[in-house]
Amino acid sequence: MMENIIFGPVPSRRLGRSLGVNNIPFKGCSYSCKYCQVGKTYEMQVERQHFYPPDEIVHQVKMKLLSLSNTDFPDYISIIPDGEPTLDIHLGELIKKLGAFGLPVAVFTNSSLISFKDVQDDLSKADYVSLKVDAVNDFSWKKINNPHKSLKLSIILEAIRYFSAHYSGDLVTETMLLKYLNDSFEELQPIAMFLQEVQPKTAYIAIPTRPPAFEGTFPADESSVTLAHEIFSRYNLSAELLTGYEGNAFASSGNFKDDILSITAVHPMRKDAVYELMARSNATEENLISLIDNGLLMKIDFNHHDYFLRKFSNYLNV
């Protein structure tokens, strides 16, 4: 069943307002990152396959765009799913067809499959590509990203170098900093040296701002984030921080249940954002409580804030 394929528009710290495309079912991924906001990956995969018909995804995007007011209209269409977007064998076709709407298309990938020629060909069709680089040594990479056993970091890093040299769109990188794992000078300097070879338009430095998949996972502190920015800048990188809350400007279709379930399937929402969405949808707290009581939504605490997340034990059985 095609559910939660389109979500938002949601506020993006990088792209303004972003209409999300969730082209991978929960939780098809090649990694099981400690900090993932969607949850753990229980069956990792690296083989590309068919998931959803591209024309059906494009139709849903069209219907969503037609329903939006000027104030809610997105700046980007972003392929940023429950899992790794490059696992979709139709990714290139999807990007090309989404581009017909006249909006730039962004793809956020963990970089794990970028050594595949067909993946590079597909990504080259996007206007904006974000590549994940959390570590450049095997020990930290495996500790943070928990990769599929067939993947080799050295091959991934070499493929990133090659792709960056040939890609003509906006290429950015994102490095997620975790306390005690990759937030030291010894970890950060080699990352910066590698990124200097890649020459991204922007090298984003991030910390988890929503609940992570694994307990005992903590964001790097302010001093480590400052150190990372200083080191990245020293290597002539245009470094920017992704350490703040992105805001509550989630678009509303007027159907609170559909909106919150589609958004929280890939994007945990803070309590204040949920209540703002409720107000825009003329929903009540009873509607929210009903979703929790019926096992569709769950509330968890992270960094002294309540977050609401789609309850995946039920999502998997839909």
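A few points on the structure. This structure is a prediction, so every number in the text was calculated from the model and none was measured.

### Here's the deal with the overall build of the chain
Inference 1: Helices and strands together make up the secondary structure of the chain, namely 11 helices and 11 strands.
Inference 2: With the principal axes as the frame, the chain shows a C-alpha extent of 50 × 40 × 35 Å.
Inference 3: Counting across all 318 residues of the chain, residues that qualify as buried make up 56%.
Inference 4: Long-range pairs, those at least 24 residues apart, make up 75% of the contacts in the chain between residues at least 6 apart in sequence.
Inference 5: Counting every atom, the chain has about 13900 Å² of accessible surface; 50% of that belongs to carbon and sulfur.

### Quick word on helix α9 (residues 271–281)
Inference 1: All of the buried residues in α9 are A273, V274, L277, M278 and S281. Along the axis of α9, the buried residues cluster in a sector spanning 145 degrees; they form a single face.
Inference 2: Of the residues flanking the end of α9, it is N282, one or two places downstream, whose phi is positive at about 55 degrees.

### With respect to the pattern of salt bridges
Inference 1: Evaluated as defined, the whole model comprises 14 salt bridges.
Inference 2: In this structure, D55 and K97 form a salt bridge, with 2.6 Å as the shortest nitrogen-oxygen distance. Linking D55 in helix α1 (residues 54–67) with K97 in helix α2 (residues 91–98), this pair joins segments that are 42 residues apart in sequence.
Inference 3: Put simply, R14, K132 and E174 are held in one network by salt bridges that share partners.

### A look at the side chain of D183
Inference 1: Secondary-structure assignment places D183 in the loop between β6 (170–176) and α6 (185–198).
Inference 2: Within the structure, D183 has its side chain in polar contact with the side chain of S224 (distance 3.4 Å).
Inference 3: With residues up to four places along the chain from it excluded, the contact list for D183 reads L178, L188, A220, S224 and L227.

### Quick notes on the sheet that holds strand β4 (residues 105–109)
Inference 1: Ordered in space as β1-β2-β3-β4-β5-β6-β7-β8, the eight strands form an open sheet in which the pairing is mixed. Two strands in the sheet have a free side with no partner beyond their single neighbour: β1 (6–12) and β8 (239–242). Averaged over all neighbouring strand pairs, the angle between strand axes comes to 25 degrees, with direction disregarded.
Inference 2: Where strand β2 (residues 16–21) lies against strand β3 (residues 76–79), four bridges are found, and the strand directions are parallel.

### Observations concerning the pairing of strand β7 (residues 202–206)
Inference 1: Burial analysis of β7 places five of its five residues in the buried class, the great majority of the element.
Inference 2: Sheet analysis places β6 next to β7, joined by five bridges and oriented parallel. Counted as the bridge partner of T173 is A203 from β7.
Inference 3: Read from β6 through α6 to β7, the crossover connection turns out right-handed.
Inference 4: Pairing of β7 with β8, which is carried by four bridges, proceeds in the parallel orientation. The residue bridging I205 from the neighbouring strand is L241, located in β8.
Inference 5: Once you follow β7 into helix α7 (residues 222–234) and on to β8, the crossover reads as right-handed.

### A word on α6
The α-helix winds at 3.6 residues per turn, so residues separated by three or four positions along the chain end up facing the same way.
Inference 1: Along its 14 residues, α6 runs 20 Å from first to last C-alpha, staying within 8% of the 20 Å computed at 1.5 Å per residue.
Inference 2: Taken together, the buried positions of α6 are occupied by E187, L188, I191, A192, F194, L195 and V198. Projected down its long axis, α6 carries its buried residues within an arc of 165 degrees, all on one side.
Inference 3: The secondary structure elements touched by the buried residues of α6 are α4 (138–145), α5 (153–166), β6, β7 and α7.
Inference 4: Directly after α6, the chain includes Q199, whose backbone phi takes a positive value near 55 degrees.

### Focus on the nonpolar core
Inference 1: Counting 80 residues, the largest nonpolar core has V21, V61, I79, L98 and F232 as the members making the most contacts within it.
Inference 2: In this view, V21 contacts I5, I6, F7, I57, V61, I77, S78, I79, I80, P81, L94 and L98; residues no more than four positions away in its chain are not counted.
Inference 3: Ranked by size, the runner-up nonpolar core spans 17 residues in total, among them I263, L288, L296 and F308.

The rules behind the values
- Residues numbered from 1 in each chain as written.
- Predicted model: local features only at pLDDT ≥ 70, side-chain atom pairs only at ≥ 80, totals over all residues.
- Heavy atoms only, no water.
- Helix = DSSP H or I, 4+ residues; strand = E, 2+ residues; numbered from the N terminus.
- Buried < 20%, exposed > 50% of the residue type's maximum accessible area, 1.4 Å probe, protein only.
- Contact = heavy atoms within 4.5 Å.
- Areas by Shrake-Rupley, 256 points an atom, 1.4 Å probe, with all protein chains shown as cover.
- Arc of directions from axis to C-beta.
- Salt bridge = Lys/Arg side-chain N within 4 Å of Asp/Glu carboxyl O.
- Polar contact = N/O pair within 3.5 Å; in protein donor to acceptor, adjacent residues only side chain to side chain.
- Pairing = 2+ DSSP bridges.
- Axes fitted to C-alpha atoms, helices over the stretch in contact; angles between N-to-C directions.
- Right-handed = clockwise from strand over helix to strand, strands pointing away.
- Expected span 1.5 Å × (residues − 1).
- Core = buried A, V, L, I, M, F, W, Y, C linked by side-chain atoms within 4.5 Å.

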